[in-house]
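# Fold and contact review
Here's the letter readout for the chains.
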Amino acid sequence: MSDAAQPTAAEVRAAADAVKAALDHHLEAVERRSGDDDPAVYDAFNALAAAAEVYDELLYDRYDEVTPFEIPGVDDSMPPYAGPEEPNALSVLIRRDYAVVEPTRLLAQAQRIVDADPGDGGKGTGTAAGTSVHAALGVLFGEYEPDEIASRHQEFGLEEGDSTLWVSAAEELPEAGEWLGAPFDEADPQLVVCRFDVSSVFDEDDLDEELDDLATDRS
């Protein structure tokens, strides 16, 4: 790149200021968030990622230096929307991963459910609920809605992993019972209206550690 095409020092400084402003905006959105899938946090995250990318490029072009961190670009993983402009139906696809970190707690909670209602409808899970993780999970998810488990997962000895929510547009609802055997097989990314992801790769603590390491290296 010729010197004439290089960004000025003032442009690099302005990009750095934009990153700082985006960081403040992202923190404010996180502090005010209404839940795990708050769209304001999602938008602030994307704005921060975009500002950081611009700064990184200008910093490299001007000074041949790079930033010590990288923010994943969620939007880049989805193709452009190609669905109807005015959808008549929609599908909400949700996946939440959990680790069973306290099996004893899980077994005890499942046994309490069974003890409160000993009849298990002939499923045979009552006796094994307190001794089998497999049976305990069946009791737990049979008793509570997934959203309640998500909000109370620690009570059940679970630890949250990654999660994603896709809102997919459609012209009309599918036939009743049509997709129940394989609910996600026909999910078309080009019909996704919006998407919200929660992952440890976005953990702000990781970013804080990287910034602390950078500060230590420079001191």
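In this report, the structure presented in the accompanying data block is examined. The shown structure was predicted, so the numbers you read here are calculated from the model rather than taken from an experiment.

Right, let's talk about the overall build of the protein chain for a bit. A tally of regular secondary structure across the protein chain gives six helices and three strands. When its helices and strands are written in sequence order, the protein chain yields α-α-β-α-α-α-β-β-α. Within the protein chain, the fraction of its 219 residues that count as buried is 26%. Within the protein chain, residue pairs in contact and separated by at least 24 positions form 76% of the contacts whose partners lie at least 6 positions apart.

What follows covers the environment of proline 80. Its location among the elements puts proline 80 in the loop between α2 (39–63) and β1 (89–100). C-alpha separation for the pair proline 80 and valine 193, spaced 113 residues apart in sequence, amounts to 9.7 Å.

We now examine the nonpolar core. Counting 13 residues, the largest nonpolar core has Val139, Leu140, Tyr144, Ile149 and Phe156 as the members making the most contacts within it. Sorting the residues of this core by element identifies α3 (103–116) and α4 (133–143) as the ones contributing at least two each. The element contributing the most residues to this core is α3, with five residues.

A few words now on the layout of surface pockets. By volume, the second largest pocket amounts to about 540 Å³. Counting residues per element, the ones that place at least two in the lining of the second largest pocket are β1 and β2 (158–170). Here the lining of the second largest pocket is built from residues that sort into 14 nonpolar, two polar and five charged.

What follows is about the sheet that holds β2. Across a sheet, strands are paired by hydrogen bonds formed along the backbone, either parallel or antiparallel in direction. Read from one edge of the open sheet, three strands run β1-β2-β3, paired in antiparallel fashion. Whereas interior strands pair on both sides, the edge strands pair on one side only; in this sheet they are β1 and β3 (192–198). Taken pair by pair, the neighbouring strands of this sheet meet at an average axis angle of 10°, ignoring direction. Of the pairings in the sheet, the one linking β1 to β2 comprises 11 bridges and is antiparallel in character. Looking at the pairing, alanine 99 lines up with glutamate 159 of β2.

Here we come to the side chain of histidine 153. Structurally, histidine 153 is set in the loop between α5 (146–152) and β2. If sequence neighbours within four positions are ignored, histidine 153 has contacts with Tyr98, Leu158, Glu159 and Glu160.

Together, Leu90, Val92 and Ile94 make up an exposed nonpolar region whose accessible area comes to about 250 Å². Along the chain, valine 92 falls in strand β1.

A word on the pattern of salt bridges. On inspection of all chains with the given rule, the structure shows seven salt bridges. Put simply, arginine 96 and aspartate 147 hold a salt bridge, and the shortest N to O gap is 2.8 Å. With arginine 96 in strand β1 and aspartate 147 in helix α5, this pair connects stretches of sequence that are 51 residues apart. Where glutamate 155 meets arginine 152, a salt bridge forms, and the shortest distance between an N and an O atom there is 2.9 Å. A relative accessible area of 34% means that glutamate 155 is categorised as partly exposed. Among the residues examined, arginine 152 registers a relative accessible area of 23% and is labelled partly exposed. Members of the salt-bridge network, linked through shared partners, are Glu148, Arg152 and Glu155.

Cut-offs applied
- Within every chain, residues take consecutive numbers counted from 1 along the sequence as written.
- Under the rules for a predicted model, residues below a pLDDT of 70 receive no local features and side-chain atom pairs below 80 are neither given nor counted, while totals for whole chains, interfaces and linings still include all residues.
- Calculation of side-chain values draws on the structure's entire complement of heavy atoms; hydrogens and water are dropped beforehand.
- A run of H or I in DSSP becomes a helix once it reaches four residues, and a run of E becomes a strand once it reaches two; helices and strands are each numbered from the N terminus.
- Think of it in three bands: with a 1.4 Å probe and only protein chains considered, a residue is buried below 20% of the maximum accessible area for its type, exposed above 50%, and partly exposed in between.
- Contact criterion: two residues are considered in contact whenever any of their non-hydrogen atoms come within 4.5 Å of each other.
- Think of a nonpolar core as a cluster: buried Ala, Val, Leu, Ile, Met, Phe, Trp, Tyr and Cys residues, connected wherever their side-chain atoms sit within 4.5 Å.
- A cavity here means a set of 1 Å grid points, computed over protein atoms only, where a 1.4 Å probe fits but cannot escape. A pocket is an open set with protein on both sides within 12 Å along at least 5 of 7 lines, and lining residues have an atom within 4 Å of a point.
- Grid points are joined across faces, edges and corners, and a volume is the space filled by probe spheres set on the points.
- Under the grouping applied here, Gly and all other residues not named as nonpolar or charged are polar, the nonpolar ones being Ala, Val, Leu, Ile, Met, Phe, Trp, Tyr, Cys and Pro and the charged ones Asp, Glu, Lys and Arg.
- Note on pairing: two strands pair once DSSP finds at least 2 bridges between them.
- Geometry is summarised by axes, namely lines fitted to C-alpha atoms with helices restricted to the contacting stretch, and by angles between N-to-C directions that run from 0 to 180 degrees.
- A residue counts toward a patch only above 30% relative accessible area and without a salt bridge, and it is joined to like-charged neighbours within 9 Å or, for Val, Leu, Ile, Met, Phe, Trp and Tyr, to nonpolar neighbours within 5 Å.
- Residue-level accessible areas treat just the shown protein chains as cover; the underlying method is Shrake-Rupley with a 1.4 Å probe.
- What makes a salt bridge here is a side-chain nitrogen of Lys or Arg within 4 Å of a carboxyl oxygen of Asp or Glu, nothing more.

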